[in-house]
Amino acid sequence: LELRAKATAPVDPKAKRRVQLRARHNAFALYCASMLGDSLGARQSRSTAFFPHDLNFAEKVAFVADKIATGREARFLPLVEDVRAQIAEYIPHVLWLADETRREDPALADAMLVAIGVLRPMPEIGRRSGMFFLMTATGGLRTIMSSTIDAALHLASISAKASFAS
């Protein structure tokens, strides 16, 4: 009886909004990170453009350190216009998201701002995420890695195959 009451209870509008914000941000962040990674030919690595200073918009280059061989792990690659424009949309999006999040979770909002380089890392913020991050259901941030992008693309291809099959 108690489970039924919980299942039929009205949905908290604030909780629903948090879920929607998280889902929309995660899709947009994955899109931006995969676009950047694909344009740079990024290899399996911990993160795509881990630090905001890895992207130099004035010089139109990205600093990529994704090779395994010592001494040959970093290089500068050109940032194409479409990717620069997309990332130029991502940063204001994260600023807006941090503002939306601040009332309920100021530490999470600060962590978002650290991720995009607006705030300097501070011990009270905790572990730093990469510039491109997913919001977790538990209220944290998780860096988007090449394996994260691979998994999302795999799920999308399974979903597309299922759609075409029916």
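Quick look at the structure, then. (Residues numbered from 1 in each chain as written. Predicted model: local features only at pLDDT ≥ 70, side-chain atom pairs only at ≥ 80, totals over all residues. Heavy atoms only, no water.)

### Notes on the layout of surface pockets
Of the volumes computed, that of the largest pocket is approximately 390 Å³. Taken together, 16 residues make up the lining of the largest pocket; nearest its centre are Lys14, Arg18, Leu21, Thr101 and Glu104. Secondary structure elements with two or more residues in the lining of the largest pocket: helix H2 (13-40) and helix H3 (81-102). Its residues placed into classes, the lining of the largest pocket shows five nonpolar, three polar and eight charged. (1 Å grid on protein atoms, 1.4 Å probe; cavity = no way out; pocket = protein on both sides within 12 Å on 5 of 7 lines; lining within 4 Å. Points joined across faces, edges and corners; volume = space filled by probe spheres on them. Helix = DSSP H or I, 4+ residues; strand = E, 2+ residues; numbered from the N terminus. Nonpolar A, V, L, I, M, F, W, Y, C, P; charged D, E, K, R; others polar.)

### A short note on the packing of H3 against helix H4 (residues 106-115)
The interhelical angle for the contact between H3 and H4, taken along N-to-C directions, is 170°, at an axis separation of 8 Å. Here H4 runs roughly antiparallel to H3, going by the angle between their axes. In terms of crossing hand, the pair formed by H3 and H4 is left-handed. For the pair H3 and H4, contact is made by Val94, Leu95, Leu97, Ala98, Thr101 and Arg102 and by Pro106, Leu108, Ala109, Asp110, Met112 and Leu113, respectively. Taken together, the residues of the contact of H3 with H4 break down into nine nonpolar, one polar and two charged. (Axes fitted to C-alpha atoms, helices over the stretch in contact; angles between N-to-C directions. Parallel < 35°, antiparallel > 145°, perpendicular 65-115°, else oblique. Left-handed = near helix turned anticlockwise from the far one by under 90°. Contact = heavy atoms within 4.5 Å.)

### Considering the pairing of strand S3 (residues 74-78)
Going residue by residue along S3, you find Arg75 and Leu77 tucked away on one face and Ala74, Phe76 and Pro78 left uncovered on the opposite face. For strand S2 (residues 61-65) and S3, the ladder comprises five bridges, and the chain directions are antiparallel. Looking across to S3, one finds that valine 64 is bridged to arginine 75. (Buried < 20%, exposed > 50% of the residue type's maximum accessible area, 1.4 Å probe, protein only. Pairing = 2+ DSSP bridges.)

### A closer look at the pattern of salt bridges
Under the counting rule described, the total for this entry stands at four salt bridges. Among the ionic pairs, glutamate 81 bridges to arginine 84, the shortest N-O distance being 2.0 Å. Of this pair, glutamate 81 and arginine 84 both sit in helix H3, separated by three residues, roughly a single helical turn. (Salt bridge = Lys/Arg side-chain N within 4 Å of Asp/Glu carboxyl O.)

### Focus on the side chain of histidine 25
Positionally, histidine 25 belongs in helix H2. Judged by its relative accessible area of 0%, histidine 25 is buried. Reaching out from histidine 25, the side chain makes a polar contact with the side chain of histidine 93 at a distance of 2.8 Å. Once residues lying within four places of it in the same chain are set aside, the contact partners of histidine 25 are Tyr90, His93, Val94, Leu97, Phe133 and Met135. (Polar contact = N/O pair within 3.5 Å; in protein donor to acceptor, adjacent residues only side chain to side chain.)

### Examining the pairing of S2
Where burial is concerned, the two faces of S2 differ: the one with Ala62 and Val64 is buried and the one with Val61, Phe63 and Ala65 is not. Of the pairings in the sheet, the one linking strand S1 (residues 55-56) to S2 comprises two bridges and is antiparallel in character. Paired with asparagine 56 across the two strands is valine 61, which belongs to S2. What sits between the antiparallel neighbours S1 and S2 is a turn of four residues, in which lysine 60 has the positive phi angle 60°.

### Notes on the environment of glycine 117
You can see glycine 117 is positioned in the loop between H4 and strand S4 (133-135). Distance from glycine 117 to glycine 130, taken between C-alpha atoms, is 9.9 Å for residues 13 residues apart in sequence.

### Notes on the nonpolar core
One broad rule of soluble globular proteins: the nonpolar side chains tend to lie buried together. Ranked by internal contacts, the top residues of the largest apolar core, which has 33 residues, are Leu36, Tyr90, Met112, Phe132, Phe133 and Ile144. No other element matches H2, which puts seven residues into this core. (Core = buried A, V, L, I, M, F, W, Y, C linked by side-chain atoms within 4.5 Å.)

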